[in-house]
Amino acid sequence: GAVSQTYSFAQVGATLSSGADLARSEVVVLIRKLAKTHHSAALSQLASRVSAIERYGAANGEDPFAKVRGLIQDMIQKLEREHEAEATEKAWCDENLAKTEAKKEELEDDVAKMTAKIDSAAAASAKLKEEVKVLQEELAALSREQAQMDK
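Small disclaimer: the values here were computed from a predicted structure and weren't measured.

Trainee: Explain the overall build of the protein chain here, please?
Mentor: Of regular secondary structure, the protein chain possesses four helices and zero strands. Starting at the N terminus, the α and β elements of the protein chain follow one another as α-α-α-α. For the protein chain, with 151 residues in total, the buried portion stands at 12%. As displayed, the protein chain offers around 12400 Å² of accessible surface, 60% of which is attributable to carbon and sulfur atoms.

Trainee: How should I be thinking about helix α4 (residues 64-150) in this particular structure?
Mentor: In an α-helix, one turn spans 3.6 residues, which is why side chains three or four residues apart end up on the same side. With 87 residues, α4 ought to run about 129 Å at 1.5 Å a step, and its terminal C-alpha atoms sit 124 Å apart, in line with that. For α4, every residue scored as buried is listed here: Pro64, Val68, Leu71 and Met75.

Trainee: What is the right way to read the nonpolar core from this model?
Mentor: Nonpolar side chains in soluble globular proteins tend to end up buried together. Of all hydrophobic cores here, the largest spans eleven residues; its members are Val28, Ile31, Ala35, Leu43, Leu46, Ala47, Val50, Ile53, Val68, Leu71 and Met75. Counting residues per element, the ones that place at least two in this core are α2 (19-38), α3 (41-57) and α4. When sequence neighbours within four positions are dropped, the list of residues in contact with Ala35 reads Ser40, Leu43 and Ser44.

Conventions we followed
Residues numbered from 1 in each chain as written. Predicted model: local features only at pLDDT ≥ 70, side-chain atom pairs only at ≥ 80, totals over all residues. Heavy atoms only, no water. Helix = DSSP H or I, 4+ residues; strand = E, 2+ residues; numbered from the N terminus. Buried < 20%, exposed > 50% of the residue type's maximum accessible area, 1.4 Å probe, protein only. Areas by Shrake-Rupley, 256 points an atom, 1.4 Å probe, with all protein chains shown as cover. Expected span 1.5 Å × (residues − 1). Core = buried A, V, L, I, M, F, W, Y, C linked by side-chain atoms within 4.5 Å. Contact = heavy atoms within 4.5 Å.

Written out as structure tokens, the structure is:
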């Protein structure tokens, strides 16, 4: 295993043989750090893609930095589209929330008016019941007087 083998600096450093390799690996590390910091699956995926391009892109003779730039530009465009969609949704939500608040205030005013009418009607009803009671007492007194006069 690894314990019984010895490694030279040339073997350990073989994967990072040039400044460009070091820069590419730093880009991957930076993107992974951002992904972790922002809890972003999209950035994690970007880091994986950049890492794959770093490993396999140069083998085809293509410029890996151009591919990485393209991936980053695509990610930026995607994020801008998402931002625009979220801004549109927020504007719609804000508009509907304002309408709902206005309707709520209008309905609360209606409830207050109806409550005032109910209170007023209840007071009028109580007053009328009192008048009916007084009139019934007077009518009963008149009936008693009439009965005594008829005797």
